[in-house]
Amino acid sequence: MIGDAVLDGLRVVEGSAFVAAPSGGMALAQLGAEVVRFDRIGGGIDYGRWPLTAEGRSLYWAGLNKGKKSVAVNLRDPAAQELLSELIGAAGTFLTNFPAQGWMAPERLTARRADLVMVAITGNRDGTTAVDYTVNAAVGFPMVTGPADLDGPVNSVLPAWDLLCGQTAAVGILAAERRRLLTGDGSVMMLALSDVALAATAALGYVAEVQVNGAIRPRGGNDLYGAFGVELSTADERRLYAVGISGRQWASLLEATGSEAAVAGIASARGLDFTDEGDRYEARHEIKAVMQDWAGARSFAEAAERLDALGVCWGPYQTFAELVENDPRCSPAAGLFREVDQSGIGPYLVPGSPLAFAPGPGTGTDALGDAATAPVLGQHTDEVLAGWLGLSAREIGRLHDAGVVAGGS
């Protein structure tokens, strides 16, 4: 029976490692799908990835597998491959970034279930290897990241393309599920990480800027290209970032910093119209100097109070420690996080789905708001084999004895 959670009743098998596929599967799990991740016995390539606890448990792995079930198998054993093929057929939906070949080849899986929904993530469209950091290097962003006077690339520590790829995979699965619901047809989708990055780069105008304007985007440090964003330092050496993109944001920032007259003088002297965000960008250095005088004469608390009072769009620069310790959005009272007791790690804050469904019949808001723990490796092996494939306890016992599968560890 379908429950309250939006995706309750959707079953997904996930064969994955690292970020892209696991983050897509987690997004579905947090919305109520039953997502079963399979790994080799002892853990896959990402099972021990940093950061680790003092006992060697991966906080990374726990963070990307919340709300899933775990099956541990000997992936080299044909009997295990047969079991996983049966599980994929029983679920009807498969998400993977393992090579879609051999027993995982689409033609072999669709021979078992013609209406299979499958997303296979690759590095490049031609099937060659790539990861977020090589893709990011190739699409150009490291050449515009970092201080304006820097010579050389600056990589991002955020695997943005992996995360975007994971969400694209989740959207693809939901689109294909709808198609299957309406037509009965399955879908096999190949999703290249580099295609995700290239599509986003083009959508943001970087490709057309070269082709149409013949221009190469300059490195701009913390400036907001084509608009106005300003980094300010307060008297107690705290930093913040304020933005004036819309007319309202711009007006509130001027008022909060008491900069109206001085900024109007800059506009007049340079013959610019600061109702145009491009003109604000052209004069960003002069404008920043005026606003920095205001910020430098105040403590961070005083500046924050004034900016909030005038409705300025701004945020503090803060470390991860400051985020956890001081930011009220990390409090369970704010709604996103709950403190959970993760097996092998202990209690810490874990987010639920960032999608906030409005209250109402069938929205499943309570279920969606719950933060879940990650499974212990192999924790659900017996449960899934019995529940999905109908195997008896004796049959499952034989599989354990033969080393085909393993339980929780």
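In the block above lies the structure referred to throughout.
Residues numbered from 1 in each chain as written. Predicted model: local features only at pLDDT ≥ 70, side-chain atom pairs only at ≥ 80, totals over all residues. Heavy atoms only, no water.

J.: Go over the overall build of the protein chain with me, naming the residues and quoting the values.
T.: For the protein chain, the helix and strand inventory stands at 17 helices and 12 strands. Summarising its shape, the C-alpha atoms of the protein chain cover approximately 85 × 50 × 45 Å along the three principal directions. Within the protein chain, contacts between residues at least 6 apart in sequence are counted, and of these 67% link residues at least 24 apart. Surface exposure of the protein chain reaches about 20800 Å², of which carbon and sulfur atoms provide 56%. Of note, the protein chain has its 31 positive side-chain charges centred 5 Å away from the centre of its 48 negative side-chain charges. (Helix = DSSP H or I, 4+ residues; strand = E, 2+ residues; numbered from the N terminus. Contact = heavy atoms within 4.5 Å. Areas by Shrake-Rupley, 256 points an atom, 1.4 Å probe, with all protein chains shown as cover. Lys, Arg positive; Asp, Glu negative; His and termini not counted. Charge placed at Lys NZ, Arg CZ, Asp CG, Glu CD.)

J.: Give me the lowdown on helix 5 (residues 132-139), citing residues and values where you can.
T.: Within the span of helix 5, buried status applies to Asp-132, Val-135, Asn-136 and Val-139. On an axial view of helix 5, the arc spanned by its buried residues comes to 100°, and they lie on one face. Buried-residue contacts for helix 5 involve helix 6 (160-183) and helix 7 (193-203). Positive backbone phi, approximately 110°, marks Gly-140, located one or two places after helix 5. (Buried < 20%, exposed > 50% of the residue type's maximum accessible area, 1.4 Å probe, protein only. Arc of directions from axis to C-beta.)

J.: Provide a residue-level description of the pairing of strand 3 (residues 69-73), including the pertinent values.
T.: Counting buried positions over the 5 residues of strand 3 gives 5, a clear majority of the element. Residue alternation in strand 3 divides its side chains into two sets, Lys-69, Val-71 and Val-73 and Ser-70 and Ala-72, and both sets are buried. Relative to strand 3, strand 2 (residues 34-40) runs parallel, the two being bridged by 5 bridges. The residue of strand 3 that forms the bridge with Arg-40 is Val-73. Handedness of the crossover joining strand 2 and strand 3 through helix 2 (residues 59-64) is recorded here as right-handed. Relative to strand 12 (residues 405-406), strand 3 runs antiparallel, the two being bridged by 2 bridges. Bridge pairing in strand 12 links Ala-72 to Ala-406. (Pairing = 2+ DSSP bridges. Right-handed = clockwise from strand over helix to strand, strands pointing away.)

J.: Any chance you could break down the sheet that holds strand 12 for me, citing the residues and the numbers?
T.: Read from one edge of the open sheet, 7 strands run 6-5-4-1-2-3-12, paired in mixed fashion. Strands with a single pairing partner mark the edges of an open sheet, and in this sheet they are strand 6 (187-192) and strand 12. Relative to strand 2, strand 1 (residues 11-15) is paired through 5 bridges, and the arrangement is parallel. Across the sheet, the residue bridging to Val-13 is Val-36, located in strand 2. The sheet strands contacting helix 3 (residues 78-91) are strand 1, strand 2, strand 3, strand 4 (93-96) and strand 12, and the helix crosses strand 1 at an angle near 145°. Most of the contacts of helix 16 (residues 381-389) go to strand 3, to which it runs at about 95°, and overall it touches strand 1, strand 2, strand 3 and strand 12. (Axes fitted to C-alpha atoms, helices over the stretch in contact; angles between N-to-C directions.)

J.: Before we move on, can you summarise the packing of helix 9 (residues 247-257) against helix 12 (residues 284-296) with the specific residues and values?
T.: Where helix 9 contacts helix 12, the two axes come as close as 9 Å, and the packing angle between them is 45°. When the interaxial angle is binned, helix 9 and helix 12 end up oblique. Of the residues in helix 12, those touching helix 9 at Trp-250, Leu-253, Leu-254, Ala-256 and Thr-257 are Ile-287, Met-291 and Trp-294. Considered class by class, the residues forming the contact of helix 9 with helix 12 number 7 nonpolar, 1 polar and no charged. (Parallel < 35°, antiparallel > 145°, perpendicular 65-115°, else oblique. Nonpolar A, V, L, I, M, F, W, Y, C, P; charged D, E, K, R; others polar.)

J.: Lay out a nonpolar patch on the surface with the relevant residues and their values.
T.: Among the surface-exposed residues, Val-6, Leu-355 and Phe-357 lie close enough to one another that they form a single nonpolar patch of about 240 Å² accessible area. Exposure remark for Phe-357: the relative accessible area of 32% places this residue in the partly exposed category. (Patch = residues over 30% accessible without salt bridge, like charges linked within 9 Å, V, L, I, M, F, W, Y side chains within 5 Å. Salt bridge = Lys/Arg side-chain N within 4 Å of Asp/Glu carboxyl O.)

J.: Summarise the pattern of salt bridges; cite the residues concerned and give the values.
T.: By the definition in use, this model includes 16 salt bridges. Residues Glu-14 and Lys-68 are paired through a salt bridge, measuring 2.9 Å at the closest nitrogen-oxygen approach. Linking Glu-14 in strand 1 with Lys-68 in the loop between helix 2 and strand 3, this pair joins segments that are 54 residues apart in sequence. The residues Glu-14 and Lys-68 share a single accessibility class, namely buried. Residue Arg-329 is joined to Asp-327 by a salt bridge in which the shortest nitrogen-to-oxygen separation is 2.6 Å. You can call Asp-327 buried: its relative accessible area is 9%.

J.: Give me the lowdown on helix 16, citing residues and values where you can.
T.: Buried residues of helix 16: Thr-381, Val-384, Leu-385 and Trp-388, and no others. Each buried residue of helix 16 lies within a common arc of 100° when the element is viewed along its axis, so the set occupies one face. As for helix 16, its buried residues are in contact with strand 1, strand 2, strand 3, helix 3, helix 17 (393-401) and strand 12.

J.: Let's hear about the sheet that holds strand 9 (residues 313-316): which residues, and what values?
T.: The antiparallel open sheet is built from 3 strands, whose spatial order is 7-8-9. Looking at the sheet topology across the chains shown, the edges are occupied by strand 7 (229-233) and strand 9. Adjacent strand axes in the sheet meet at a mean angle of 20°, parallel and antiparallel pairs treated alike. Relative to strand 8 (residues 239-243), strand 7 is paired through 5 bridges, and the arrangement is antiparallel. If you follow Leu-232 over to strand 8, its bridge partner there is Leu-240.

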